[in-house]
Amino acid sequence: MSSVSLSFITLADVCSSEWGYADHNGPDHWHEFYPIAKGDNQSPIELHTKDINHDPSLKAWTASYDPGSAKTILNNGRTCRVVFDDTYDRSMLRGGPLTAPYRLRQFHLHWGSSDDHGSEHTVDGVKYAAELHLVHWNPKYNTYGGALKQPDGIAVVGVFLKIGREKGEFQLFLDALDKIKTKGKEAPFTNFDPSCLFPTCRDYWTYRGSFTTPPCEECIVWLLLKEPITVSSDQVAKLRSLFSSAENEPPVPLVRNWRPPQPLKGRVVRASFK
Ligand SMILES: [Zn+2]
């Protein structure tokens, strides 16, 4: 045996599995391995509604999702994610600030250790209990990976969750969490149309930003829905019943996974409504 195959491993590769939300590896440290995390177009942000102007050129948006395109639900140690078949135009987001139809790839949530915080974006200082992100990509860039490199490659619809009455549609999703308690678990999850989680009102704010998790790529057209949906305290508590640890590790509850607001740095937020 004379040939030895070595693959290059970068520092980021070694540490990419290490980022998280704890003191030693949380949002304040992400830029050490992902310098763009201190870039000019980072998310989330604080929304100050008095500073946001209505843009009458912003159109209405529509989502037409195929429930059969939902595939699996996954615990990656940092959130729970539902993954969709995005190999063709099946579940699509159109209109709003978008110049093309975007394909739904996945949705996931961010939440906090108690009901009084957990959302990533804030509205006039209000922190909601959780925030749902539906991630779509522009197929004109051919692949999801290609879209990540474009300033308008990804469109994320953000939905705020506030505490109140239980939401039945959300429970369909929550019931599946029992199958993915620990990091690395994945289970089939299909026949689900996530538009059942949208509020009645389609008003939104939009701005250019980034993923709120490393590598924090600046490729996102955000559509943040003004009207929150209402879920019960027990339902958000169910999210906190997940673990960020694997089955064979000492249990670590996944009780917080939100990034705090980042500097606006001159960006303009627009509203679809007066
Ligand atoms: Zn997210």
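Structure report, in brief.

Conventions adopted
- Residue indices follow the written sequence of each chain, beginning from 1 at its first position.
- Totals for whole chains, interfaces and linings use all residues, but because this is a predicted model, local features are given only for residues with pLDDT of at least 70 and pairs of side-chain atoms are given and counted only at 80 or more.
- Secondary structure is summarised from DSSP: a helix means a run of H or I of at least four residues, a strand means a run of E of at least two, and numbering begins at the N terminus for each.
- The globule rule used here is 2.2 Å times the number of residues to the 0.38 power, and the radius of gyration it is set against is calculated over C-alpha atoms.
- Here the C-beta atoms are placed from the backbone, and a residue counts as buried if at least 20 other C-beta atoms lie within 10 Å of its own, exposed if 12 or fewer do, and partly exposed otherwise.
- Here, residue contact means that the backbone-derived C-beta atoms of the two residues sit within 7 Å.
- Defined on buried residues, the nonpolar core groups Ala, Val, Leu, Ile, Met, Phe, Trp, Tyr and Cys residues joined through C-beta atoms within 7 Å.
- Only when DSSP finds a minimum of two bridges between them are two strands counted as paired.

Comments concerning the overall build of the chain
- Looking only at helices and strands, one finds five helices and 15 strands in the chain.
- Relative to the globule expectation of 19 Å for 274 residues, the C-alpha radius of gyration of the chain, 19 Å, shows essentially globular dimensions.
- Dimensions of the chain, computed from the C-alpha atoms along their principal axes, are close to 70 × 40 × 40 Å.
- In the chain, buried positions account for 39% of the 274 residues.
- A sequence separation of at least 24 residues applies to 71% of the contacts in the chain between residues at least 6 apart.

Regarding the nonpolar core
- Counting 60 residues, the largest nonpolar core has Ala130, Ile154, Val156, Val159 and Leu161 as the members making the most contacts within it.
- For this core, the element with the highest residue contribution is strand β10 (residues 154-163), accounting for seven residues.
- Setting aside residues no more than four positions away along its own chain, Ile154 makes contact with Val135, His136, Trp137, Ala147, Leu148, Cys219 and Ile220.

Comments concerning unusual backbone geometry
- Cis geometry is adopted by the peptide bond preceding Pro44, which originates at Ser43 and carries an omega value of 0°.
- You can see Pro44 is positioned in the loop between α2 (30-33) and β1 (46-47).
- Pro214 connects to Pro215 through a cis peptide bond whose omega is 10°.
- Looking at where Pro215 falls in the secondary structure, it is placed in the loop between β12 (204-209) and β13 (220-225).

Digging into the environment of Ala100
- In this structure, Ala100 sits in the loop between β6 (92-95) and β7 (102-111).
- In this structure the C-alpha to C-alpha distance between Ala100 and Val82, which are 18 residues apart in sequence, comes to 23 Å.
- Not counting chain neighbours up to four residues away, the residues in contact with Ala100 comprise Asn138 and Lys140.

A closer look at the environment of Trp205
- Inspection of the secondary structure puts Trp205 in strand β12.
- Taking the C-alpha atoms as reference, Trp205 lies 5.8 Å from Leu223; in sequence the two are 18 residues apart.
- Sequence-distant contacts of Trp205, defined by excluding residues within four places in its chain, comprise Leu47, Ile52, Leu224, Lys226, Val269, Arg270 and Ala271.

Comments concerning the pairing of β7
- With nine of its 10 residues buried, β7 lies for the most part within the structure.
- Looking at chain direction, strand β5 (residues 80-84) and β7 are connected through three bridges and run antiparallel. Residue pairing in the sheet places Val82 in a bridge with Phe107 of β7.
- The hairpin turn running from β6 into β7, its antiparallel successor, is six residues long, and Gly96 in that turn takes a positive phi close to 60°.
- Note: β7 against strand β9 (residues 130-137), eight bridges, orientation antiparallel. Its bridge partner lying in β9, Gln106 is registered against Val135.

With respect to the environment of Gln235
- Mapped onto the elements, Gln235 comes out in helix α5 (residues 233-239).
- In sequence terms Gln235 and Lys140 are 95 residues apart; their C-alpha atoms lie 38 Å from each other.
- With near-sequence residues (within four places) excluded, Gln235 lies in contact with Glu166, Lys167, Phe170, Gln171 and Leu174.

Let's talk about the pairing of β13
- Most of β13 sits inside the fold, with six of its six residues counted as buried.
- Neither face of β13 is open: one carries Ile220, Trp222 and Leu224, the other Val221, Leu223 and Leu225, and all of them are buried.
- As paired strands, β10 and β13 are joined by five bridges and run parallel to one another. Following the sheet pairing, Ile154 is matched in β13 by Ile220.
- Here β12 pairs with β13 via six bridges, running antiparallel. Bridged to Gly209 within β13 is Ile220.

Any functional reading would require information that these geometric values do not contain.
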